[in-house]
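# Remarks on the overall topology
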Amino acid sequence: MRTLVTATIGVGLALALAGCSSPGSACADYGQGNTVNVVVPEHLADAVESVAVCIGTDCTPEQESATSEVDGATWTVPVEQTQDERGRVALFGADGARLDERGVELAWTDYGFGAPLQCRGSGVAGVRLD
């Protein structure tokens, strides 16, 4: 009986893990990494030259990893393959000065569907700094 239970658990676990990596699964890979879309405060918009994000509560966003990819007021920052719920954002000026830095909540959604993210990878989180 113990062997049957162990085998059943093993098969269930294998199927669950396969769902996040199989082509055509509910957790399809869109070929996108994780990104954080940061909307900067209006009063800093003209001064910001780059934006950096780090994942976790004890990290420090560094200018070396900052992005200058901006569309209007939204900065798109690529991050590592993780979906932690907390992070830090830093805004840098043209001279490299840190204009602002703060902790943020990250609510990850699926890149393709916009639904809450169920699997690792291809996630996007939006942050509005006010």
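Look up: the structure comes first, before these words.
The structure contained in this document is the topic of the report that follows. Because the structure is predicted, anything quoted here is derived from the model rather than measured. (Residues numbered from 1 in each chain as written. Predicted model: local features only at pLDDT ≥ 70, side-chain atom pairs only at ≥ 80, totals over all residues. Heavy atoms only, no water.)

The antiparallel open sheet is built from three strands, whose spatial order is β2-β5-β6. Of all the strands in the sheet, just β2 (50–55) and β6 (98–105) have a single pairing partner and so form its edges. For this sheet, the mean angle separating the axes of adjacent strands, direction not counted, is 20°. Examined bridge by bridge, β2 and strand β5 (residues 86–92) share six bridges and lie antiparallel to one another. The residue of β5 that forms the bridge with I55 is G87. (Pairing = 2+ DSSP bridges. Helix = DSSP H or I, 4+ residues; strand = E, 2+ residues; numbered from the N terminus. Axes fitted to C-alpha atoms, helices over the stretch in contact; angles between N-to-C directions.)

So, about the pairing of β6. As judged from the seven bridges shared by β5 and β6, these two strands associate in the antiparallel manner. In the strand pairing of β6, V89 is matched with R102. Here β5 hands over to β6 after five residues, with G96 in that stretch at a positive phi of 90°.

Turning next to the nonpolar core. Counting residues in each nonpolar core, the largest one holds 19 residues, and the members touching the most others are V36, V38, V51, V53, V89, L91 and L106. For this core, the secondary structure elements donating two or more residues are β1 (34–39), β2, β4 (74–79), β5 and β8 (123–128). Ignoring any residue separated from it by four or fewer positions in sequence, one finds V38 in contact with V51, V53, A73, T74, W75, V77, V89, V127 and L129. (Core = buried A, V, L, I, M, F, W, Y, C linked by side-chain atoms within 4.5 Å. Buried < 20%, exposed > 50% of the residue type's maximum accessible area, 1.4 Å probe, protein only. Contact = heavy atoms within 4.5 Å.)

Don't take any of this as a statement about function, it's just geometry.
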